[in-house]
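Close look at the chain arrangement
Chain residues, written in single-letter form:
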Amino acid sequence: MAALTPAPLPGDAPASSGRGRKGRPRVWRVVVLSLAALYFLVPMAASFWFTVDDPQGFSADAYGQIFSAPGFGSSLLLSLGLAAATIVVVLLLTLPAMLAVRLGAPRLRPVLEVVCTLPLVVPPITFVAGISTVLRFGPEYLARTPFYQTIIAMQNPDFPVVLVLAYVVLALPFAHRSLDAGLRAIDVPTLVEAARNCGASWPHVVFRVIVPNLRSALASASFLTLALVLGEFTVARLLSFQPFPVWIVYISGSQAQVSVAVSLFSLLLTWLVLLAVSVAGRNRS
Amino acid sequence: MTAPTTGAAGDVTTGAAAGARVEFRGLYRRFGDTVALDGLDLTVEPGELLALLGPSGCGKTTALRCVAGFEHPDEGAVLVDGRDITGVPANRRDAGMVFQSYSLFPNLNARDNVAFGLRVRKVAAAKRHARAQELLELVGLPSVGERYPHQLSGGQQQRVALARALALEPRVLLLDEPLSALDAKVRVTLREEIRRLQLSLGITTIFVTHDQEEALSIADRVAVLRAGRLEQVTDPATLYDRPATPFVAEFVGTMNHIPGTASGDRVTVLGRALPVDGPAVHGNVDVLVRPEAVILTPASDGTATVVASSFRGSTARLRVELADGSELLADVPGHDSVRLAPGVRVSVTLVDRPVLVSEPRVSAGA
């Protein structure tokens, strides 16, 4: 079997990381970064100060009480459960739709984009007003149908499916943006065709070719959704459920220091997740 | 230009699957108002390298994609060894493809890219890795197995893509302008290596290109497409010397149109009678002449003048203005470009051999 002559190994490998723009005074970077840092750090430092301030001086009691505060565990677990379900549903909804549009109907891309971005411009209060109207009148109309039980079960306070559905809508713009950025970075039609040409079935193409190359986009879509669910207050409060954010507001009435400590704690948690996501993303590239 | 390499089917030197016969039968494909394939009939012989050549939008890529299963003809059929594969899904076709754009899976290293198809077929890891290494050696990249696509140059990526396309030992190899993203030097080297590999494997290969030099230099036969129809399919030398239609004559190489007067099987052009290549004609015609068939001699009483010269190394292309104001192109040996500098008066004659004629067109010149 005749072989091709060995090709030169790349001294000419594609240059990847561009050099930073030179000649820009460093001092400006420091100033801008410091201003941004102040903007974020001052309120947080003030919050922290509030949680440890005590008539006798310094006390970390508020942090000790977080885990024993009534309702902490159940509301946090509820929020995490809602977040997990929301992430699954929103990804199952957006990724196949975006792939289908990209591969089969590229002209529909702007339509999909508008639909997915719409929740950003609808105020949550309007949104929740619509949902509560449906929940109020729905059972009446559905009383004689099997859907009656469904609409009741959706509002089970142990796991309100209706909140998952609402959060999916709210998370659409973020999931769409993240996945769109990820899909733009790869040549989806060519990769799909290359995989098909190698004998791969459609599920194989999606799970072995597309998903692995979208890992960081999927991670950031998931993270944004998680952050949204862990911080969403309006919809949950107005539908009278008590996930984590509602519980924080509730507890602030009786234990103000604990509620702020919990907020800082959840911020820390979110940061850790963000860090994990960006590390995962960096490993990919 | 590299001399055409010929001979394919008999040169199989390996035990790999021999090439299959590919037939396009009355392929018709329309995209909106655009007809991409307009009744394409073409047969690619086993072990042959056929180049599909044509301007962009002529349907060459659509034809190739019909073989790969990425396009489905509105009418007609694609046959491989007599079997109609028009309805067979893309992942069940016996054809490896190399794409125009870099198509390696970014999340897999070179070895796993090559072994992808074997993994799909559930070949054991040790076996598929050994096979991938063998293929990487075959394409001249024995030591890049662990590298990821972004760590490879464009030429290396296309070599790996070629190895991936060959991994499942397909009987048809489809190349969709695989060299167009590469720089000129790599392009020439890689096309010659593709040809050598194709000959040694005896695999039927369809090579889509818009670059006539590429097509003429490596193909056994070249099929020229225009607006979804086949204009001519023949070996490179015949295509160049005896283009079947004025379109082919214009598209492949450069052609001068020189006004002449025909009477039966002879045509008088530039004061000289030459035999006509083709059926007898009468009246005013355009005589089609390649620039290398134009002979220029410096002569103080010459009726033509050199107006421009572009030096190309071994040859120089001159633009010459004739007495009637029309212009033609002539190729002369590079060293002659000094004595045939712009402004020099010359006499123009044509190589004495049969010439093609066509209907006269309004503006003369090349």
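The structure we're discussing is the one just above.
Heads up: these notes are all about the structure in this document. (Residues numbered from 1 in each chain as written. Chains lettered and ligands numbered in written order. Predicted model: local features only at pLDDT ≥ 70, side-chain atom pairs only at ≥ 80, totals over all residues. Heavy atoms only, no water.)

1. Structural notes on the sheet that holds strand β16 (residues 304–311) of chain B
Residues and elements named next belong to chain B. Stated precisely, the cut-off is as follows: DSSP calls a pair of strands paired once it identifies at least 2 bridges connecting them. In this description a helix means any DSSP run of H or I spanning at least four residues, a strand means any run of E spanning at least two, and both kinds are numbered starting from the N terminus. All axes are obtained by fitting lines to C-alpha atoms, using only the stretch in contact for helices, and the reported angles, taken between N-to-C directions, cover 0 to 180 degrees.
Within the open sheet, the five strands sit side by side as β15-β19-β16-β17-β18. Their pairing is antiparallel. Whereas interior strands pair on both sides, the edge strands pair on one side only; in this sheet they are β15 (294–298) and β18 (327–333). Across the sheet, the mean angle separating the axes of adjacent strands is 45° when strand polarity is ignored. Two strands pair when backbone bridges link them, and β15 and strand β19 (residues 345–350) are joined in this way by five bridges, in the antiparallel orientation. Residue pairing for β19: Leu296 is matched across the bridge by Val348.

2. Quick word on empty space enclosed by the protein
Residue and element names in this part refer to chain B. What counts is decided by this rule: Only protein atoms enter the calculation, which uses a 1 Å grid: trapped sets of points that fit a 1.4 Å probe without letting it out are cavities, open sets showing protein on both sides within 12 Å along at least five of seven lines are pockets, and any residue with an atom within 4 Å of a point is a lining residue. Grid points are joined across faces, edges and corners, and a volume is the space filled by probe spheres set on the points. In this classification, Asp, Glu, Lys and Arg are treated as charged, Ala, Val, Leu, Ile, Met, Phe, Trp, Tyr, Cys and Pro as nonpolar, and every other residue, Gly included, as polar.
Throughout the structure, instances matching the rule amount to two cavities of 30 Å³ or more. Along the walls of the largest cavity sit Val98, Gln158, Arg159, Leu162, Leu175, Pro178, Leu190 and Ile194, which together make up its complete lining. Among the elements of the structure, α5 (154–166) and α6 (184–201) are those that each provide at least two residues to the lining of the largest cavity. Among the elements that line the lining of the largest cavity, the one with the most residues is α5, at three residues. The class makeup of the residues in the lining of the largest cavity is six nonpolar, one polar and one charged.

3. Observations concerning the pattern of salt bridges
Stated precisely, the cut-off is as follows: Salt bridges are defined by distance alone: a side-chain nitrogen of Lys or Arg within 4 Å of a carboxyl oxygen of Asp or Glu.
Summed over the entire model, instances satisfying the criterion amount to 26 salt bridges over all chains. Two residues, Arg221(B) and Glu48(B), come together in a salt bridge whose shortest N-O distance is 2.4 Å. Placement of the pair is Arg221(B) in strand β9 (residues 221–226) and Glu48(B) in the loop between β2 (34–44) and β3 (49–53), with a sequence separation of 173 residues. We note a salt bridge from Asp112(B) to Arg111(B), for which the minimum N-O separation is 3.7 Å. Through salt bridges that share partners, Glu193(A), Arg29(B), Arg65(B), Glu71(B) and Asp74(B) make up one connected network.

4. Here's the deal with unusual backbone geometry
Residues and elements named next belong to chain B. Put simply, the test is: Between buried and exposed lies partly exposed: a residue is buried under 20% and exposed over 50% of the maximum accessible area for its type, with that area taken using a 1.4 Å probe on protein chains only.
Positive phi, normally seen in glycine, also occurs at Glu177, with a value near 45°. Secondary-structure assignment places Glu177 in the loop between β7 (172–176) and α6. Positive phi, close to 50°, is recorded for Ala227, a residue that is not glycine. By secondary structure assignment, the location of Ala227 is in the loop between β9 and β10 (229–234). Its relative accessible area of 48% is what places Ala227 among the partly exposed residues.

5. Overview of the sheet that holds strand β12 (residues 266–269) of chain B
Strands belonging to one sheet form pairs held by backbone hydrogen bonds; the direction of such a pair is parallel or antiparallel. Residues and elements named next belong to chain B. As summarised here, the arrangement of the five strands in space is β13-β12-β11-β14-β20, forming an open sheet in which the pairing is antiparallel. The open sheet is flanked by β13 (272–275) and β20 (356–358), the only strands paired with a single partner. The sheet shows a mean angle of 45° between the axes of neighbouring strands, direction not considered. Inspection of the sheet shows strand β11 (residues 256–264) paired to β12 by three bridges, in the antiparallel sense.

6. Thoughts on the side chain of Asn91(B)
Inclusion rule: Nitrogen and oxygen atoms within 3.5 Å of one another constitute a polar contact, given that in protein one can donate a hydrogen and the other can accept it, and given that sequence-neighbouring residues count only through two side-chain atoms. Should any heavy atoms of two residues lie within 4.5 Å, those residues are considered in contact.
Mapped onto the elements, Asn91(B) comes out in the loop between β5 (83–84) and β6 (95–98). Of note is the side chain of Asn91(B), whose polar atom sits 3.5 Å from the backbone oxygen of Ala200(A). If sequence neighbours within four positions are ignored, Asn91(B) has contacts with Arg196(A), Gly199(A), Ala200(A) and Ser201(A).

7. Brief notes about helix α8 (residues 188–197) of chain A
All names here are of chain A. Among the 10 residues that make up α8, nine are buried, leaving the element largely enclosed by the rest of the structure. Val188, Thr190, Leu191, Val192, Glu193, Ala194, Ala195, Arg196 and Asn197 are the residues of α8 that are buried. Positive phi appears at Gly199, one or two residues downstream of α8, with a value of about 95°.

8. A look at the nonpolar core
What counts, and what does not: Residues enter a nonpolar core if they are buried and are Ala, Val, Leu, Ile, Met, Phe, Trp, Tyr or Cys, with the set joined through side-chain atoms within 4.5 Å.
Residues Val235(A), Val22(B), Phe24(B), Leu52(B), Phe116(B), Leu174(B) and Ile206(B) are the most contacted members of the largest nonpolar core, which totals 89 residues. Counting residues per element, this core draws most heavily on helix α7 (residues 161–184) of chain A, which supplies 12 residues. Residues in contact with Leu174(B), not counting those within four places in the same chain, are Leu64(B), Val67(B), Ala68(B), Ala95(B), Gly96(B), Met97(B), Val98(B) and Ile206(B).

9. A few points about the state of the cysteines
Counted only if it meets this: The term disulfide is used for any two cysteine sulfur atoms that are within 2.5 Å.
For the structure on display, the rule yields zero disulfides over all chains. Among the cysteines around Cys58(B), which has no disulfide bond, Cys66(B) carries the closest sulfur, lying 13 Å off.

10. Focus: the packing of helix α3 (residues 72–104) of chain A against α7(A)
For any two helices packed against each other, the geometry is given by the interaxial angle and the distance between the axes. Residue and element names in this part refer to chain A. This is how it is decided: Roughly parallel means an angle under 35 degrees; roughly antiparallel, over 145; roughly perpendicular, 65 to 115; everything else is oblique. Left-handed describes a crossing in which the near helix is turned anticlockwise from the far one by less than a right angle; the clockwise case is right-handed.
Running from N to C, α3 and α7 cross one another at 45°; their axes reach a closest spacing of 8 Å. In terms of orientation, α3 lies oblique with respect to α7. α7 is crossed by α3, and the crossing has right-handed handedness. Side by side, α3 and α7 meet where Leu82, Ala85, Thr86, Val89, Val90, Leu91, Leu93, Thr94, Leu95, Met98, Leu99 and Arg102 of the first sit next to Leu163, Val164, Tyr167, Val168, Ala171, Leu172, Ala175, His176, Leu179, Asp180, Leu183 and Arg184 of the second. Across the contact of α3 with α7, the residue classes break down as 18 nonpolar, three polar and three charged.

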